[in-house]
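Structural characterization, general
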Amino acid sequence: MNLRLAEIELAHWRQAGKQVRLWWRDDDAREPTPALDRLLAIAHKHEAPLTLAVVPDLKPQRVAERILSLPHVVIAQHGADHVNRSPPGRDLSEMAPDETIDVISARMAQGAARLRGLPNLIDLYVPPFNNFDDRLTAALRLNGISAISAWGGQAAREGDLKRVDAHFETLRWGGGARFKGAWKLTTQFAKHLRQRRRAGAWDEPIGFLTHHLDHDEASWAFLDGFLRRTAKDPVFSLIDIRDVLELAPPSARKPAEAPH
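None of the values given here were measured: they were computed from a predicted structure. (Residues numbered from 1 in each chain as written. Predicted model: local features only at pLDDT ≥ 70, side-chain atom pairs only at ≥ 80, totals over all residues. Heavy atoms only, no water.)

1. A short note on the overall build of the chain
What the chain contains, in helices and strands, is eight helices and 12 strands. For the chain, the C-alpha radius of gyration of 18 Å lies close to 18 Å, the compact-globule estimate for 260 residues. In terms of principal-axis extent, the alpha carbons of the chain reach across some 55 × 40 × 40 Å. Across the 260 residues that make up the chain, the buried fraction comes to 53%. The long-range fraction of contacts in the chain, counting pairs at least 24 apart against all pairs at least 6 apart in sequence, stands at 69%. For the chain, the computed accessible surface area is about 12,100 Å², with 51% contributed by carbon and sulfur atoms. Both charge centroids of the chain, one from 36 positive and one from 34 negative side chains, sit 5 Å from each other. (Helix = DSSP H or I, 4+ residues; strand = E, 2+ residues; numbered from the N terminus. Rg over C-alpha atoms; globule rule 2.2 N^0.38 Å. Buried < 20%, exposed > 50% of the residue type's maximum accessible area, 1.4 Å probe, protein only. Contact = heavy atoms within 4.5 Å. Areas by Shrake-Rupley, 256 points an atom, 1.4 Å probe, with all protein chains shown as cover. Lys, Arg positive; Asp, Glu negative; His and termini not counted. Charge placed at Lys NZ, Arg CZ, Asp CG, Glu CD.)

This is the structure:
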């Protein structure tokens, strides 16, 4: 993999004796597919911790069977059905504009029930389309979910809710999903390295996002090369999301009482 655009920034990190903390999230798993098997094979090959965001509407149990021998792969809830309920012209969202917190919370709970008991399930919610608002965060609290992962924000704690996002991904979406290109990806990666260095936020994790169902061959090649590079270069630390969020298992959830 060519990371020459980021080498100047990485040199600063080495000079400071710091490691780049990376974590990996892949979205939209619903059932076993050849693409999912290819993704898991790459994760296993590089012993890379992976957070698999699973939509709980088809065969999540069969997805879980695929990771029984992969302790570094964990499952997070990815909405309930990944259906866009926004009207035309609005940002895609699983939540319709007029839906109440109770409706959103009930749908979330139905999805959680389908995942309950799966191996390597963690207490993390990934909103479909990376889109959420105050209604969803209220629904998370009603369901006793303690962490959320979306797009582009800094790791933070908002009251009792923890957040850690993804920041760069392999694909571009306009005109159909396709590989974004190494030049664009390394430019984005260097930007995040520079932002954290200048802010002194060395420990702020950088999230790498993939969508295995939409990968073309160039995307697969980039992913394999990126993980190979991070595995052999000590300036990188590919971290488990559980270590970032210090997550309790979902069985420890204590749902809040619904408002009256």
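Once you've had a look at it, read on.
2. Re helix α1 (residues 7–15)
All of the buried residues in α1 are E9, L10 and W13. Taken end-on, α1 shows its buried residues confined to a sector of 100°, consistent with a single buried face. Relative to its buried face, α1 has exposed residues pointing more than 90 degrees away, namely I8 and Q15. Backbone geometry just after α1 places G17 at a positive phi near 70°. (Arc of directions from axis to C-beta.)

3. Here's the deal with helix α2 (residues 34–45)
If you check α2, its first and last C-alpha atoms are 16 Å apart, about what 12 residues at 1.5 Å a residue would give, namely 16 Å. For α2, the set of buried residues is A35, L36, L39, L40, I42 and A43. Along the axis of α2, the buried positions cluster into a sector of 155°, meaning they face one direction only. In α2, the exposed positions angled more than 90 degrees off the buried face are occupied by P34, H44 and K45. Among the structural elements, β1 (20–29), β2 (50–54), α3 (60–66), β3 (73–77), β11 (206–210) and α7 (217–232) are those in contact with the buried residues of α2. Backbone geometry just downstream of α2 places E47 in the positive-phi region, at approximately 50°. (Expected span 1.5 Å × (residues − 1).)

4. A word on the environment of A177
In this structure, A177 sits in the loop between β9 (171–172) and β10 (178–179). Since its relative accessible area comes to 33%, A177 is described here as partly exposed. Spatially, the C-alpha atoms of A177 and D214 are 6.2 Å apart, while their sequence positions differ by 37 residues. The residues touching A177, leaving out its near neighbours within four places in the chain, are L171, R172 and D214.

5. Some details on the packing of helix α4 (residues 101–115) against helix α5 (residues 134–142)
At a closest axis distance of 9 Å, the pairing of α4 and α5 adopts a crossing angle of 55°. Classed by the angle they form, the pair α4 and α5 counts as oblique. Considering only the axes of α4 and α5, their crossing is right-handed. Every residue of α5 that contacts α4 at I101, D102, I104, S105 and M108 is listed here: R135, L136, A138, A139, L140 and L142. In the contact of α4 with α5, the residues fall into eight nonpolar, one polar and two charged. (Axes fitted to C-alpha atoms, helices over the stretch in contact; angles between N-to-C directions. Parallel < 35°, antiparallel > 145°, perpendicular 65-115°, else oblique. Left-handed = near helix turned anticlockwise from the far one by under 90°. Nonpolar A, V, L, I, M, F, W, Y, C, P; charged D, E, K, R; others polar.)

6. Concerning the nonpolar core
The biggest cluster of nonpolar side chains holds 42 residues, and the ones touching the most others in it are V20, W24, L39, L52, F189, L193 and L223. Take this core: its biggest share by element is six residues, from α2. Contact partners of W24, with chain neighbours within four places excluded, come to L39, A43, A48, P49, L50, T51, F208, T210, L223 and L227. Counting residues in each nonpolar core, the second largest holds 12 residues, with I122, L124, I241 and L245 among its members. (Core = buried A, V, L, I, M, F, W, Y, C linked by side-chain atoms within 4.5 Å.)

7. Observations regarding the pattern of salt bridges
Where charged atoms of side chains with opposite charge meet at close range, the side chains can pair. Following the criterion strictly, the structure yields 17 salt bridges and no others. Here D27 ties to R25 by a salt bridge, and the two come within 2.8 Å at their closest N and O atoms. Three or more residues are tied together by salt bridges with common partners; here these are E7, R14, R229 and D233. (Salt bridge = Lys/Arg side-chain N within 4 Å of Asp/Glu carboxyl O.)

8. Quick notes on the pairing of β1
Most of β1 is tucked away, with nine of its 10 residues classed as buried. Note: β1 against strand β12 (residues 236–238), three bridges, orientation parallel. In the sheet register, R21 faces β12, and the bridge partner there is S237. Pairing between β1 and β11: five bridges, direction parallel. (Pairing = 2+ DSSP bridges.)

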